[in-house]
Amino acid sequence: MTFDIVQINNEKKTYRQKLSRLPFGDKLKILDQMRARDLWIRSAQVSKTTGTIPHPPSKSDP
Amino acid sequence: MNIAGVLQTLNEMVEEGVLETYALGGAVAATYYLEPISTMDVDVFVRLYDQRNKSIIDPRPIFAFLSQKGHVMEGEYVMVEGWPVQFLAPPGELGEDALDLAEVADASGTPVRLLTAEHLAAIALETGRPKDKLRLQMFIESPQFNRSKFEELVERFDLQPQWQSFKHTFEV
């Protein structure tokens, strides 16, 4: 853990480059997961009785 | 939710003669060159004009084919494998050029036609929404990006004012 903004930015850049080098098929699977999560976030409503929100979809969900 | 199934459906449409050709654009195409970019839809550029007489070609066979396969229309989208797919005519001469020069990529064994990184960047520059500017910045930072090829497109499609403004604002 660091609070050095330069180091944080460099590490983010390295991680983004690592993701960009993934095979396209793998990246498309990530898009599927991101869309499933986006849809869940958009539809999620905080329960009026319990104050909780449902669990997000797992990676194995279609 | 299976975007690979969308690609297979598009290829099937070409094989069946429903589409002359297609090319992915937007965030899905950009994801080929960059890191995965979250998106809510799949943009598919198709030629809806006859190049010889510039008449509009009837798009109904596209939707008839997809309906027969059980895909449902929702507004301007067709839902395919859980993804809203939008069929678009190329926007202007830059879009036509992008569709003509699209390249074929491999998605886990499925061939997919998509716009080049430089055309995607030029379209982002031309469109100019905040998310387009962010994507253009990502392309410019990418080691695979061919900046001189991109600047040729900027020159050829009269995008110098937007490019000068972008360079000034983002110091690239």
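Structure report, in brief. Per chain, the residues get numbers from 1 upward, laid out in the order the sequence is written. Chains and ligands are labelled by the order in which they are written, letters from A for the one and numbers from 1 for the other. Owing to the predicted nature of the model, reporting of local features is limited to residues with pLDDT of at least 70; listing and counting of side-chain atom pairs is limited to 80 or more, with chain, interface and lining totals taken over all residues.

### Topic: the overall build of chain B
A run of H or I in DSSP becomes a helix once it reaches four residues, and a run of E becomes a strand once it reaches two; helices and strands are each numbered from the N terminus. Helix and strand content of chain B: eight helices and seven strands. Atoms counted for the radius of gyration: C-alpha only. Globule rule: 2.2 Å times the number of residues to the power 0.38. The globule rule puts the C-alpha radius of gyration for 172 residues at 16 Å, and the 16 Å found for chain B is close to it. Referenced to the eigenvectors of the C-alpha coordinate spread, the extents of chain B come out at roughly 50 × 40 × 30 Å. Residue burial in chain B is summarised as follows: out of 172 residues, 35% are buried. Here a residue counts as buried when 20 or more other C-beta atoms sit within 10 Å of its C-beta, as exposed when there are 12 or fewer, and as partly exposed otherwise, the C-beta atoms being derived from the backbone.

### Things to note about the pairing of strand β5 (residues 83–88) of chain B
All names here are of chain B. Burial along β5 is one-sided: W83, V85 and F87 are buried, while P84, Q86 and L88, pointing the other way, are not. We call two strands paired when DSSP finds no fewer than two bridges between them. As paired strands, strand β2 (residues 42–46) and β5 are joined by four bridges and run parallel to one another. Bridge pairing in β5 links D43 to Q86. Inspection of the sheet shows strand β4 (residues 77–80) paired to β5 by three bridges, in the antiparallel sense. Within β5, the position partnered with V80 by the bridge is W83. Between the end of β4 and the start of β5, which pair antiparallel, lie two residues, with E81 showing a positive phi angle near 50°.

### Some words on the nonpolar core
Residues and elements named next belong to chain B. Counting residues in each nonpolar core, the largest one holds 51 residues, and the members touching the most others are L24, V44, L120, A121 and A122. Examining the composition of this core, we find that seven residues originate from one element, helix α5 (residues 117–127), more than from any other. Contact definition: two residues whose C-beta atoms, as placed from backbone geometry, lie within 7 Å. Leaving out residues up to four positions away in the same chain, V44 has contacts with L10, Y22, L24, V85, Q86, F87 and L88. Residues of type Ala, Val, Leu, Ile, Met, Phe, Trp, Tyr and Cys that are buried and joined through C-beta atoms within 7 Å form what is called a nonpolar core.

### Points about the interface of chain A and chain B
Facing 16 residues of chain A, the contacting portion of chain B comprises 18 residues. Among the elements of the structure, α1 (5–20) and α2 (24–43) of chain A are those that each provide at least two residues to the side of chain A that touches chain B. Each residue belonging to the side of chain A that touches chain B can be placed in one class, and the counts come to nine nonpolar, two polar and five charged. Three classes are used, and their members are as follows: Ala, Val, Leu, Ile, Met, Phe, Trp, Tyr, Cys and Pro are nonpolar, Asp, Glu, Lys and Arg are charged, and the others, Gly among them, are polar.

### Thoughts on the packing of α5(B) against helix α7 (residues 147–156) of chain B
All names here are of chain B. Look at α5 against α7: their axes get within 9 Å of each other, and the N-to-C directions meet at 45°. Relative to α7, the element α5 is oriented oblique. Handedness of the crossing formed by α5 with α7: right-handed. Contacts between α5 and α7 involve E118, H119, A121, A122 and L125 from the former and K149, F150, L153 and V154 from the latter. Split into classes, the residues belonging to the contact of α5 with α7 amount to six nonpolar, one polar and two charged. Fitted lines through C-alpha atoms serve as axes, helices being fitted only where they are in contact, and the angles separating the N-to-C directions of these axes extend from 0 to 180 degrees. Here roughly perpendicular refers to angles of 65 to 115 degrees, roughly parallel to angles under 35, roughly antiparallel to angles over 145, and oblique to all remaining angles. Note: crossing handedness is left-handed where the near helix turns anticlockwise from the far helix by less than a right angle, and right-handed where it turns clockwise.

### Digging into unusual backbone geometry
Residues and elements named next belong to chain B. Not every positive phi belongs to a glycine, and S108 is a case in point at roughly 50°. Positionally, S108 belongs in the loop between β6 (103–107) and β7 (110–114). Here the phi dihedral of D158 falls at roughly 55°; this positive angle occurs in a residue that is not glycine. Relative to the helices and strands, D158 is located in the loop between α7 and α8 (160–170).

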